[in-house]
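Commentary on secondary and tertiary structure
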Amino acid sequence: AIPAFDKAIELQPAITTKADTSLYVNSANCAFNAQDYPKAAQYYEKLVELTYGKGASYGTLASIYKSMNDEAKSKATIEKGLALYPQDADLLITVVNDLIKQGKMTDAVDKLNTIVAARPADAGLRLVVGQVYSRMANPQDAEGKLLPKPKNFEDLTVKAEEQLIKANELKANDFSINYELGFLYYNQGSYYYNLSNENIKEAAKYGTMWEAALRKGMVNLEKAHEVNPKDRDTMQLLKSTYGLTGENDKYNQMKEKLKAN
C-alpha cells in the first residue's frame, strides 16, 4: 500500500493546494505498521507541520525515531512538542519516565517542579503533573497491570495529592481532576488494604489507613460521577470503594447502574 499512498501524495497538488490530512495520516500509519520507520517519520514530520494531532503526533514521531535508534531526534521531538503543548500528559510522562529509567529521579522531580513553577494557577497543568506523580507512584506494565510500588510510594503519593488538590481548588467541578484525585486515593487505600491482609502485626494500623484513604477518594469519585454519570471507570471504582467500606446500599445502587449502562 505504501507506493500507492506515495503516488497519491505526489498527485495531490494537481487536485488541490490544501494538504489532505487524512491522506498523510493513513500513509504514516501504513508505513509505521509496516515498520518502514524512515517513511513513517517523513509523513509524521508533515503531520506535525500541519499541527495534526497536536502533542500526540509529536509523541508518535518521537517513538518512531526511538525505533530507528535515533535517541537525539527522539528527545528533540519530545522537547519541541512540549514547547508547543506544555500540558500534554503523554509527552510529559515520556520525558519523566526516560529520566526515571536512567535513574535520574532528582532530575525527574526537578522537571515537574519547573513546569508547575512556570504556571502555578493553571489547573490543567496541575492535573497533568499530579497524574505524572500518580503514575510514578503506581506504575503499570504495557498491559495496564499494576507493578510493585516503588520505595518512595508515600512521597510520590503526597506530591500527586498536593498537585491534584490544588487543581481541584482552582477548578472544583472538573471531571478529570476529581476522577484522578479519587483514583489516587483508591490506589492508596487498596495498597494499605492489601498490606493489612498480608501483615497480621500491622493489620490494625493499616486497617485505619486504608479505610480513611478510600473514604477520601469516595468524595471525589462521587463528584466525578455527578459531573459525568455515564463514565464506567468512575462507576467501577465507586462500586469497589462502596464494597470495601461496607456501604452496601450504595454498592447495590452502583451495581445496578453499571448493569443499565
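Look a little higher up for the structure.
Quick caveat: nothing in here was measured; it's all calculated off a predicted structure.

How each quantity is defined
Residues numbered from 1 in each chain as written. Predicted model: local features only at pLDDT ≥ 70, side-chain atom pairs only at ≥ 80, totals over all residues. Heavy atoms only, no water. Axes fitted to C-alpha atoms, helices over the stretch in contact; angles between N-to-C directions. Helix = DSSP H or I, 4+ residues; strand = E, 2+ residues; numbered from the N terminus. Parallel < 35°, antiparallel > 145°, perpendicular 65-115°, else oblique. Left-handed = near helix turned anticlockwise from the far one by under 90°. Nonpolar A, V, L, I, M, F, W, Y, C, P; charged D, E, K, R; others polar. Buried < 20%, exposed > 50% of the residue type's maximum accessible area, 1.4 Å probe, protein only. Phe/Tyr/Trp six-rings, centres within 6.5 Å; stacked < 30°, edge-to-face > 60°.

Running from N to C, helix 10 (residues 175-198) and helix 11 (residues 203-227) point in directions that differ by 160°, and their axes come no closer than 7 Å. Between helix 10 and helix 11, the crossing angle belongs to the class labelled roughly antiparallel. Here the hand of the crossing between helix 10 and helix 11 comes out left-handed. Tallied by class, residues from the contact of helix 10 with helix 11 come to 18 nonpolar, 9 polar and 2 charged.

Looking now at the environment of Thr 208. Take Thr 208: it is sitting in helix 11. Assessed through its relative accessible area of 57%, Thr 208 is described here as exposed. Along the backbone, Thr 208 and Gln 131 are 77 residues apart, and their C-alpha atoms lie at a distance of 26 Å.

Phi is positive for Asn 69, close to 60°, though the residue is something other than glycine. Relative to the assigned elements, Asn 69 resides in the loop between helix 4 (55-67) and helix 5 (71-84).

Bringing the packing of aromatic side chains into the picture now. Under the counting rule described, the total for this entry stands at 8 aromatic pairs. Taking 5.9 Å as the distance between ring centres and 25° as the angle between the ring planes, the aromatic pair formed by Phe 175 and Tyr 179 counts as stacked. Pair noted here: Phe 175 and Tyr 179 are both in helix 10, with a separation of 4 residues, about one helical turn. Residue classification places Tyr 179 among the buried positions, given a relative accessible area of 15%. Taken together, a centroid distance of 5.9 Å and an interplanar angle of 40° make the contact between Tyr 191 and Tyr 192 tilted. For Tyr 191, a relative accessible area of 24% corresponds to the partly exposed category. Ring pairing ties together the aromatic residues Phe 153, Tyr 191, Tyr 192 and Tyr 206, which thus form one cluster.

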